[in-house]
Each structure stands twice: as C-alpha cells, then as structure tokens.
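# Summary of the model geometry
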Number of protein chains: 2
Amino acid sequence: MTPMKSALSLPDRIIAAFDSLPEQLGQAARYILDNPNDVALLSMREQARRAGVKPWTMTRLARRLGYAGYEDIREESAAALRRAALGFSGRAGAQAAREEGGGEDGLMTDIAQIVGNGVTRLAEPATMKELAAAAALISGARRVYCLGLRAGYPVAAQFAYLMSFLDDRAILLGRGAGTDLDAMRHAGAEDVLFAISAAPYTGATIETARYAARRGVPVLALTDSPVSPLAAIASRSVIVSTDSPSFVHTMTPALAAVEILASLVVARGGAKALEAIAATEEQLAQLNIHLYAPQRTQP
Amino acid sequence: MTPMKSALSLPDRIIAAFDSLPEQLGQAARYILDNPNDVALLSMREQARRAGVKPWTMTRLARRLGYAGYEDIREESAAALRRAALGFSGRAGAQAAREEGGGEDGLMTDIAQIVGNGVTRLAEPATMKELAAAAALISGARRVYCLGLRAGYPVAAQFAYLMSFLDDRAILLGRGAGTDLDAMRHAGAEDVLFAISAAPYTGATIETARYAARRGVPVLALTDSPVSPLAAIASRSVIVSTDSPSFVHTMTPALAAVEILASLVVARGGAKALEAIAATEEQLAQLNIHLYAPQRTQP
DNA sequence: ATTGCAATGCAACATTTGTTGCATATCTTT
DNA sequence: AAAGATATGCAACAAATGTTGCATTGCAAT
C-alpha cells in the first residue's frame, strides 16, 4: 500500500516545497499544480512532454516530495479522481461531452462550461477563506491601489468601479503613461496594493508589486496559482482559475472574484455602506447618468 | 480533433449491444458498466484481471463496439472523467457552505453559484445562435468600435484587448473625455458598433448607439434583456444574465460572452488568425512584456 | 583556483502495455 | 452428424512505460 508518511496531499506538498525547487523540477511541479487531473489520466512521459521537461525529472520530483516514485503520485491522484467522480454517472457526462463534440457550438459549450465552473469554484472553502481575509484587509485600508495590466486591467477597473459606490478609497492604476509609481508615492503601511495578474505575468505588474512590498505596503494578489510570482510577493493571495479552451486564459472567474470581494466589503461596512451606495445611486440619478433608475429586486 | 464516428457514448453502446454478447465479452462489458471510473484509471490488463477475463477479450469487446481498440475507449473515458472531476469540487464546496448556514460564506457561495450559472447558461441554444451571428458580424467588419461605460467598460476593454491579438480592427471607446463621437466620425456601414450596457443603462451608451444606428452603422448589443433600450436599437443582440445577490448587477457572464466571442472570431479566422496570435505573442515576448513566455499545453 | 555538491542530461534497463495471428473449442444450422 | 460460423485461448509482438546508474554541467563555498 501507500506509505502515507503524512497526511499531506500532493498539491500541498508541492506548494510547501515549491520555493526550494530548482528550475526543471519547479517547471514540472508547476505543471502538476495546474493540471492535477492529468496526473492519473496521462502517462508520465506525456506529462513530462507537456510540461517541457525530461521524464526523469518527474521521477526525481516525486522522490523529492517524499514518494517512492512517480507511480505513487499517479496512484494517489487516481484515488482522488475516483472520489471526485463518485456522484457522477458516467453515462450523462460522457454523453454530454460527446454530443458537444466539435464545431462552433462545441467550442462555445466548452468555454461556457469550463469557465462557469471556474466561477462556481470560488465557493471552495480555501478560496472563500482567502476572499474573506482579502475583504478584511481592504476594509481596514486607508487607500486601495488597484493594479491590473493587459488582461488584468478590466478586472482591476471593475473592482475600482464597484468600490467607488462606497467611497473614494480605491484608486485605479495602469491608465496613465507609466505614472503608476508616481501615484503610489504616498502609499504606506496603512494602504493596500491590490495586484491582479495571471500567466503569462505582466512584468510591470510584478515589478510594481515588488516595489510596493519593499516600501512596506501590504500587497493583495489576485492570481492564478499559489506559486505565481505575484503570490510570492503578496501578503495574501486569492487564487482563481484561468483555464479555458479559448486561445487565451480566461479572466472571468477573476472578475467574479472581485465582484464577490466588493460585496464582502459592503457587507462588512454594514448600514453605513448601504447608505453610501444609496447616496451614490441617488446622485447618479440626479445627474441623469442612467436611463432607468436602479430597481433593487433582492436587497 | 476526435474522429467522432458516432454520437453514442461508451455505456450506451454497451447497453445497446449487451444482449447479443457471448459469455466472456458480456462479462467484460458488465465490468465496464459497473466500474466506469476504472476504465481510464486502471490498465486494460488490470481491468481484465478484475473482470475475470483475458486481456484480449477487452480488445475484442472494443472492436465489437465500434472502436479501433481498447485504447480508444480509455481515451474517451478519460475525457469524461476530466469533466466529471471538474464539476465536483465546486459543487461539494457549495454544499458544505450551505449546510453551515448564512454569513459571509453564504453570501460568497450564493454569488459564485448564481453568477457561475449565468456563465454556464451562455451555452443555451438561443444565446449560442446569437453569439455565432455576432461573431459573423464582427469577422466581416472593417472596424469594430467597442463601447462600454461604467460597469460595461471592463467588458468592452477586455474584448478590445482580446481582438488586439488578431489585428487592429477593434477600437475601444469611452476612455477619452467624451470624444467617442469624434472617434466614430469615420464609421460607416462596413463597420460595427459593439455596445455593452445593462440595467441601469448608461445614457451616453444608448445615445451613442442611437447615433451610430442613424448613421447606418450596424449595432451589435451585449445587454441583459431582449427588451432593453440597447436591444431596441441594435441589429443583433446577445443577451446575458446580470442577476446577482450582490449590491450591483454582475458583469461576469458578459465578460465570458466576449471571451467566447473573441474565440469564435479567431476560429473563423482559421490558420491566419492563429498565425497572427502567435506573431503577437512572439512580439510580446521580445518586448519582455511577460515574465514567462506563454506555453501552449494543448496545441 | 579548487573542491564539493546539487541539478540536469543521457543511454539503457527490465516491465508492462495493448494488440495480433493462429490454433482450438464451442455453438448453430442443415 | 457434418459443416460452417463464432467464441475463446495462447504465445508472441512491437511499442511505450517508469526507473536507474553514471556522466556532465553549473554554481557556491572554501
């Protein structure tokens, strides 16, 4: 049977050891972390191929993590997969999958399904815990600098927009011509840098986060992996999935995450926060910004 | 891609053929039916052992069911397992949180669930049809003006960003100080205005769309209702859900919709589009924009 | 500069994998 | 009962799998 020296699961072991892994082993570890399902479903050599690594590296990684060999990892992973697929009637899933087959409809269905899943997964305990911690951090901050470049920009923008209903603490970076560092000149330990980036990580985002961290500004990360360069810098990290059959990684779960985050901040703000929102909406109505006044259906 | 000779799933095929199977083949078939998970997780020989059958019987069964060999069965089963495992952890987390009752966890779970549902619902036939039509419209356009204000801005920005991988046809509006109409001065019937707005509709978006329509520019709407003021103006409308227990309507399904849209446009662009993307990524890598060069895992 | 050690590459290994061609057994039909 | 078809068993196959011992590289401490 499996040695089971400790109760640590494969991803936990990888995360724990990740920082001390050299390049090749790290690349292999990263792949496993990002594609946990493939571990039992693909041959080791195939995984090595996809991870861009030699087959032996996988065996060596397994050894380093405390297993006898990669086969042990595959067995543990298979057991986990079995458990995960328990409630699932093989028929329905397989049929659905096959019918969705190919063509435009297939692509659309695949994206909707997988991305939708990424959103739903935000309800996982570990993620919820981090979201709650993030909300606490933001709620207590004097100012919240929101930084997202390229694909992360829409997410940062949406968060800053949502926060603007409450007060003027949120500041959106990344709009000007590289003036972000200027804007952060007055940032301190009472503020927060909310940085958003997923693979392939935008260099400027990482650098800015690093700069902030060095200056003692708490960094809150929204990223795609517990071992992303952003997570390494941040004091807290919310991890979301960016998996998608599309030609780029999806930012949809990340957007959902910031919407949740904003809601949590509001919830923590209590009656006062709700008042602020009402006031903002009133104001917008008077400015004739909106065609129809917002109608609350579910408070 | 997969050949997809027929749309029948493995269990269906087995059931259909079961009565006409001889003893040994039937025993093998029975085992697969009872242990669908093991198909991809155990080697064929191991399954044969457990089923009390010789290994060749498995191959022969596969052939009889219309597959080239047992390996085909294992691959199909692996794909199904992947999907099943994806849905699991999300659902489990949700259930657990629900049992714990309300509070912050309850709010998070609710949002994740409902918003995730909104994303998944993009796969509804009616929506898919509109998405496909929208993709066709955009693919054929000379320029695509992307307009989203306030909550719609991140969505418009993301779409413009994704399109920028392909070419420079997409133009993001709403950034300047009310200069949108200026930017659209040269818009004509060969162009498209992609307008994004949900209740409460931003007045300026509607007005701009109306202006464009009057000038003969086709308007593509991404909005929350078939009877929204934007849909009334547009020649085509993609309808997404904005329902959320949050204090504002969610833009997450809308973001997913534009990601799908961009993917469809790429798909329609064929090899040429993929080349353009590759070239863009190459360019980004050379500019050192990204920390890690994008690594395609599934070509 | 040199030693030492960790990291990676390489060739080869013994196994195991899924499959095949042919022989034998079993059943069906006449 | 004979003939023909079908089902099963067997030995062997090439291909792929996970692993190993040793050589080479690269880096850090001396």
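Note that the structure is predicted; figures quoted are calculated from it, not measured. Note on numbering: residues in each chain are counted from 1, in written sequence order. Note on labels: chains are lettered from A, ligands numbered from 1, in written order. Local features in a predicted model are, by the rule used here, given only for residues with pLDDT of at least 70; side-chain atom pairs are given and counted only at 80 or more, and totals for whole chains, interfaces and linings are based on all residues. Only hydrogens and water are set aside when side-chain values are computed; all heavy atoms of the structure are taken into account.

### Structural notes on the sheet that holds strand β4 (residues 219–223) of chain A
Residue and element names in this part refer to chain A. One bridge is not enough; two strands pair if DSSP finds at least two bridges between them. Helix numbering and strand numbering both begin at the N terminus, where a helix is a DSSP run of H or I of at least 4 residues and a strand a DSSP run of E of at least 2. Pairing within the open sheet is parallel, and its five strands lie in the order β2-β1-β3-β4-β5. Of all the strands in the sheet, the pair left with one neighbour each is β2 (170–172) and β5 (236–239). In this sheet, neighbouring strand axes are inclined to one another by 20° on average, regardless of whether the strands run parallel or antiparallel. Judged from the three bridges that link them, strand β1 (residues 144–148) and β2 form a sheet pairing that is parallel. Considered in β2, the bridge of Tyr145 is made with Ile171. Contacts were defined at the residue level, with two residues in contact if any of their heavy atoms lie within 4.5 Å. Lines fitted to C-alpha atoms define the axes, with helix axes restricted to the stretch in contact, and inter-axis angles between N-to-C directions lie between 0 and 180 degrees. Packing of helix α9 (residues 125–139) onto the sheet brings it into contact with β1, β3 (192–196), β4 and β5, and relative to β5 it is tilted by some 135°.

### Examining the packing of helix α2 (residues 23–34) of chain A against helix α5 (residues 55–64) of chain A
Residue and element names in this part refer to chain A. Two elements in contact, α2 and α5, have axes separated by 9 Å at closest approach and are oriented at 85°. On the basis of the axis angle, α2 is roughly perpendicular to α5. Of α5, the residues touching α2 (which contributes Gln24, Leu25, Ala28, Ala29 and Ile32) are Thr57, Met58, Arg60, Leu61 and Arg64. Gly falls in the polar group here, along with every residue not listed as nonpolar (Ala, Val, Leu, Ile, Met, Phe, Trp, Tyr, Cys, Pro) or charged (Asp, Glu, Lys, Arg). In the contact of α2 with α5, the residues fall into six nonpolar, two polar and two charged. Here is the rule for angles: anything less than 35 degrees is roughly parallel, anything more than 145 is roughly antiparallel, 65 through 115 is roughly perpendicular, and the remaining ranges are oblique.

### Structural notes on the pattern of salt bridges
Criterion for a salt bridge: a side-chain nitrogen of Lys or Arg within 4 Å of a carboxyl oxygen of Asp or Glu. Under the definition given, this model contains 19 salt bridges over all chains. Among the salt bridges present, the one from Arg268(B) reaches Glu104(A), with a minimum N-O distance of 2.8 Å. Within this pair, whereas Arg268(B) is found in helix α13 (residues 252–286), its partner Glu104(A) is found in helix α8 (residues 103–120), the two belonging to separate chains. In this scheme, a residue with accessible area under 20% of its type's maximum is buried, one over 50% is exposed, and one in between is partly exposed, where area comes from a 1.4 Å probe on protein chains only. For Glu104(A), a relative accessible area of 25% translates into the label partly exposed. A salt bridge links Glu190(B) to Arg142(B); the shortest N-O distance between them is 3.1 Å. Pair noted here: Glu190(B) is in the loop between α10 (180–183) and β3 (192–196) and Arg142(B) is in the loop between α8 (125–139) and β1 (144–148), with a separation of 48 residues, a long-range link. Of the residues examined, Glu190(B) reaches a relative accessible area of 49% and is grouped as partly exposed. The network of salt bridges with common partners includes Arg142(A), Arg143(A), Glu190(A) and Asp191(A).

### Points about the environment of Arg236(B)
Residues and elements named next belong to chain B. On the secondary structure map, Arg236 appears in strand β5 (residues 236–239). Along the backbone, Arg236 and Leu220 are 16 residues apart, and their C-alpha atoms lie at a distance of 5.1 Å. Residue contacts for Arg236: discarding those within four places in its chain leaves Glu130, Ala133, Val219, Leu220 and Ala221. In this structure the side chain of Arg236 is engaged in a polar contact, spanning 3.0 Å, whose partner is the side chain of Glu130. A 3.5 Å cut-off defines polar contacts: any pair of N or O atoms within that distance qualifies, except that in protein one atom must be a possible hydrogen donor and the other a possible acceptor, and neighbouring residues in sequence count only when both atoms are side-chain atoms.

### What to know about the side chain of Ser237(B)
Note that Ser237(B) resides in strand β5. Those residues in contact with Ser237(B) that lie beyond four places of it in its chain are Glu130(B), Ala221(B) and Ala231(B).

### Description of the protein's contact with DNA strand C
Whether a residue is near a molecule or strand is decided by its heavy atoms; if any one of them lies within 4 Å of it, the residue is near. The environment of DNA strand C is made up of 19 residues, and the closest members are Gln24(A), Arg60(A), Met44(B), Arg45(B) and Arg63(B). Within 4 Å of the protein, atoms of DNA strand C come from sugar and phosphate in 53% of cases. Interatomic distance of 2.4 Å between a side-chain N/O atom of Arg60(A) and a base oxygen of DNA strand C. In the model, a base oxygen of DNA strand C is placed 3.4 Å from a nitrogen or oxygen of the Trp56(B) side chain. Every element with two or more residues in the surface near DNA strand C is listed here: α2 and α5 of chain A together with α4 (44–51), α5 (55–64) and α6 (70–100) of chain B. Residue classes in the surface near DNA strand C are distributed as six nonpolar, four polar and nine charged.

### Thoughts on helix α1 (residues 10–18) of chain A
Every buried residue of α1(A) is accounted for by Leu10(A), Arg13(A), Ile14(A), Ala17(A) and Phe18(A). Angularly, the buried residues of α1(A) cover 130° about the axis, an arc narrow enough to put them on a single face. As used here, the arc belongs to the directions running from the helix axis to the C-beta atoms.

### Some words on unusual backbone geometry
Residue and element names in this part refer to chain A. The phi dihedral of Arg150 falls on the positive side, at around 55°, and the residue is not glycine. Among the secondary structure elements, Arg150 is positioned in the loop between β1 and α10 (153–163). Owing to a relative accessible area of 26%, Arg150 belongs among the partly exposed residues under this scheme.

Read these as layout, nothing more, since geometry by itself doesn't imply function.
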